[in-house]
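# Secondary and tertiary structure notes
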Amino acid sequence: MIAGIALILCFQLGGEVVARGLGLPVPGPVIGMAALVVAFLMVPRLFESVRSPAEGILSHLALLFVPAGVGIVGHWNALGTQGGPILLALAVSTVLAIAVGALTFVAVARLAGAAAEGDERAGAGRND
Amino acid sequence: MTDFAEIWSYLNEGPLLWLTATLIAYGIGDALARRAGGRPLVNPVLVAVILLAGLLWATGTPYATYFEGAQFVHFLLGPATVSLAVPLYLARGHVRRVALPLLAALAAGSLTAILAALGVAAALGVDTATLTALAPKSATAPVAIGIAESLGGSPTLTAVLVLITGMTGAVVATPLLNILRVRDWRARGFAVGVAAHGIGTARALQVNETAGAFAGLGMGLNAVLTALIAPWALSLFL
């Protein structure tokens, strides 16, 4: 458990050093995540030590939004005057992104001939 | 006996009070969400934020004082981002089999989310600071907050926009994809994960297991892609 947590923090630390050192716009933890996937692929036994602390943190992912979310108390003014346009932008972009993403997946899967498996799964899922 | 006001001011100086309040508020939100049968509108984060914001307002506590305690929870966003390596690694078999549709849907969904949000907001005259917080809103919260911070946007405003995006996606996904007649659970889940991150993924898991796994994958991949393209997309609108 301790080894897994230490490993996660080490990859975050390494990611921060790379991001700051090279002046990248990507957050350090994202670099740490990508590096950790590569590390799992090269040394599969690392995965077992990281798995349980990582799944522990991710199972309560929503809790981690709360402190920043409470910061809304400082943004009443911004949301008050621009609330309508912001909500419209969020709604339009989310609906469009889901539609475009799903339709693109289906179209490319059909072109690449990988559609059969997904349709079977969809059929099984509908009976649930 | 010590005056209550004295005890209050003592507690307000340390992290204990507001760290405890954060966990209890989230616990209440989680219990309510379970009782509501996972309806996306009763979201544990939304409930916790409303309870805590009300408590801060009622006690006249500044956000900075609250954050002294809540920072220990906030800090875990970084390790949580690194931890996304685990679901990504577990899904590696899927990724190889449908690499092409995945990459195409990732690029199309991610670009649509960012450009449509910035386009609509800019056209309606939303200010620059808010556009900066809006750009990474489809990425999962820890990553979106990190991106907003590195672009000079407000992390707290971004957190609020990320939450609203997730809940919108969770509510509209099923009816929208039924209207579009998308029956492939991989496509449905993946698109929701890309557009509506963790909250969308939690919703996809309720509907179908395959959709849930692909939603988690979409969330993880879009975290990386958003970090790469958000600075560029934002520069188009400034």
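Quantities reported herein were computed from a predicted structural model and do not represent experimental measurements. (Residues numbered from 1 in each chain as written. Chains lettered and ligands numbered in written order. Predicted model: local features only at pLDDT ≥ 70, side-chain atom pairs only at ≥ 80, totals over all residues.)

## Examining the overall build of chain B
Broken down by element type, chain B carries 13 helices and zero strands. Mapped from its N terminus to its C terminus, chain B presents α and β elements in the order α-α-α-α-α-α-α-α-α-α-α-α-α. Expected size for 238 residues packed as a compact globule is a radius of gyration near 18 Å; at 19 Å, chain B falls within 12% of this value. Taking the principal axes of the C-alpha coordinates as reference, chain B spans close to 70 × 45 × 30 Å. (Helix = DSSP H or I, 4+ residues; strand = E, 2+ residues; numbered from the N terminus. Rg over C-alpha atoms; globule rule 2.2 N^0.38 Å.)

## Considering the packing of helix H2 (residues 16-35) of chain B against helix H3 (residues 44-59) of chain B
Between two packed helices, what matters for the description is the angle formed by their axes and the separation of those axes. Residue and element names in this part refer to chain B. Direction vectors running N to C along H2 and H3 enclose 135°, while the axes themselves pass 7 Å from each other. The orientation of H2 with respect to H3, classified from their angle, is oblique. For the crossing formed where H2 meets H3, the hand is right-handed. Here Ala21, Thr22, Ala25, Tyr26, Ile28, Gly29, Asp30, Leu32 and Ala33 of H2 lie close against H3, whose contacting residues are Pro44, Val45, Val47, Ala48, Leu51, Leu52 and Leu55. Among the residues forming the contact of H2 with H3, the class breakdown is 13 nonpolar, two polar and one charged. (Axes fitted to C-alpha atoms, helices over the stretch in contact; angles between N-to-C directions. Parallel < 35°, antiparallel > 145°, perpendicular 65-115°, else oblique. Left-handed = near helix turned anticlockwise from the far one by under 90°. Contact = placed C-beta atoms within 7 Å. Nonpolar A, V, L, I, M, F, W, Y, C, P; charged D, E, K, R; others polar.)

## So, unusual backbone geometry
Excluding glycine, a negative phi dihedral is what most residues carry, and trans is how most peptide bonds are arranged. All names here are of chain B. Its identity is not glycine, yet Arg181 carries a phi of approximately 55°, on the positive side. Looking at where Arg181 falls in the secondary structure, it is placed in the loop between helix H11 (155-179) and helix H12 (185-207). Given 8 C-beta atoms within a 10 Å radius, Arg181 is considered exposed. (Buried ≥ 20, exposed ≤ 12 C-beta atoms within 10 Å, placed from the backbone.)

## Considerations on the nonpolar core
Counting residues in each nonpolar core, the largest one holds 116 residues, and the members touching the most others are Ala117(B), Phe190(B) and Ala191(B). If one sorts the elements of this core by residue count, helix H13 (residues 209-237) of chain B sits on top with 13 residues. (Core = buried A, V, L, I, M, F, W, Y, C linked by C-beta atoms within 7 Å.)

## Remarks on the interface of chain B and chain A
Each partner contributes residues to the interface: chain B has 95 residues there, and chain A has 69 residues. Ranked by residues supplied to the side of chain B that touches chain A, first place goes to H11(B) with 15 residues. Classifying every residue of the side of chain B that touches chain A by side-chain character gives 69 nonpolar, 20 polar and six charged.

## Focus: the packing of helix H8 (residues 99-123) of chain B against H13(B)
Residues and elements named next belong to chain B. The geometry of H8 relative to H13 is characterised by a closest axis approach of 9 Å and an angle of 40° between their N-to-C directions. Between H8 and H13, the interaxial angle falls into the category oblique. The way H8 lies across H13 gives a crossing that is right-handed. In this structure, H8 contributes Leu106, Ser110, Ile114, Leu115, Leu118 and Ala122 to the contact, and H13 contributes Gly218, Leu221, Asn222, Leu225, Thr226, Ile229, Ala230, Ala233, Leu234 and Phe237. Among the residues making up the contact of H8 with H13, the classes are represented as twelve nonpolar, four polar and no charged.

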